[in-house]
Amino acid sequence: MKRLIVFDLDGTLAESKASIDTEMASLLNSLLAIVKVAVISGGAWPQFEKQVLAHLRRDECLKNLSLLPTCGTKYYRYARSWEQFYSEDFTAAEKKTIIDSLRKATASSHDDGHKVWGEVIEDRGSQVTFSALGQEAPLDEKKKWDPDFVKRKKIKAVLDTLIPQFSVRLGGATSVDVTKQGIDKAYGIRKLRDILQIPIDQMIFIGDAVFPGGNDYPAKEAGALSIEVKDPHETKRVIEAIIACMGEGR
């Protein structure tokens, strides 16, 4: 019997930057009533509040929920309110190095003159994220920009040369996430193991980027049983199956 179900957020629980829908909220509420749940995402804490927490029941079951923004470089848990347990922030010098390198590596991606909505490079404290079309880009536009990851894999290859001292992962629909070396979703999985006292072999990880270079892949590398989904609809069916199996096991 697995004791912890870990999810990616964008592309897994919800569409990129969108809120979980009513069906997903209901399924997560049901899951939280029977097992511990965690969400690890490249998104910052405000996105977790908007996309997930605003749509869940505010009850004692929230004590079963752990939230790890920015690829696990921050950790929040619930008592009477949400409290930050740790944050692996960059220094000012590290941020400057990363941002300068992102500008060099992504210069060619703007040669096609595509429209941008909002900030392209976002400082999330413990993570710096490049969003090719901007933080506020419409989902339909984001889905069309790099559906096969080809553009971002080129950017990652350049960044791996420019800033080998940091970890570079592909996330969301148009984003590239940079964290400290060794701090990624594998780091988050190990933190969950240590804080919750749950062995990794008793976890299930569910994400849409469980492939080499994807920002969900480190969770698989950490040893968590990993299920790759293509979208939130598929995630819902996986959650239903988990609830059914756990119900039979009780």
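Everything here concerns the structure above.
Residues numbered from 1 in each chain as written. Predicted model: local features only at pLDDT ≥ 70, side-chain atom pairs only at ≥ 80, totals over all residues. Heavy atoms only, no water.

Description of the environment of Arg-77
Following the sequence through the fold, Arg-77 ends up in strand β4 (residues 74-78). Given the relative accessible area of 36%, Arg-77 is considered partly exposed. Beyond its immediate stretch of four places on either side in the chain, Arg-77 contacts Leu-65, Trp-82, Glu-83, Phe-85 and Ile-195. (Helix = DSSP H or I, 4+ residues; strand = E, 2+ residues; numbered from the N terminus. Buried < 20%, exposed > 50% of the residue type's maximum accessible area, 1.4 Å probe, protein only. Contact = heavy atoms within 4.5 Å.)

Remarks on the packing of aromatic side chains
The tally for this structure, following the rule as stated, stands at 9 aromatic pairs. A centroid spacing of 3.9 Å and a plane angle of 10° characterise the contact between Trp-45 and Tyr-76, whose relative ring orientation is stacked. With Trp-45 in helix α2 (residues 45-51) and Tyr-76 in strand β4, this residue pair connects regions lying 31 residues apart in the sequence. Classification of Trp-45 as buried rests on a relative accessible area of 14%. (Phe/Tyr/Trp six-rings, centres within 6.5 Å; stacked < 30°, edge-to-face > 60°.)

Structural notes on the side chain of Ser-66
Relative to the helices and strands, Ser-66 is located in strand β3 (residues 65-68). Looking at Ser-66, the relative accessible area reads 5%, which means it is buried. In this structure the side chain of Ser-66 is engaged in a polar contact, spanning 2.9 Å, whose partner is the side chain of Tyr-75. Residue contacts for Ser-66: discarding those within four places in its chain leaves Val-37, Ala-38, Val-39, Tyr-75, Tyr-76, Leu-192 and Leu-196. (Polar contact = N/O pair within 3.5 Å; in protein donor to acceptor, adjacent residues only side chain to side chain.)

A short note on the packing of helix α4 (residues 92-106) against helix α6 (residues 150-162)
The description of two helices packed together rests on the angle between their axes and the distance between the axes. At their nearest, the axes of α4 and α6 sit 9 Å apart, and the two run at 140° to each other. Of the possible angle classes, the one that applies to α4 and α6 is oblique. You can see that α4 and α6 cross each other, and the crossing is right-handed. Counting all contacts with α4, which are made through Ser-101, Leu-102, Lys-104, Ala-105 and Thr-106, the residues of α6 involved are Ile-155, Val-158, Leu-159 and Leu-162. Within the contact of α4 with α6, the residues separate by chemical class into 6 nonpolar, 2 polar and 1 charged. (Axes fitted to C-alpha atoms, helices over the stretch in contact; angles between N-to-C directions. Parallel < 35°, antiparallel > 145°, perpendicular 65-115°, else oblique. Left-handed = near helix turned anticlockwise from the far one by under 90°. Nonpolar A, V, L, I, M, F, W, Y, C, P; charged D, E, K, R; others polar.)

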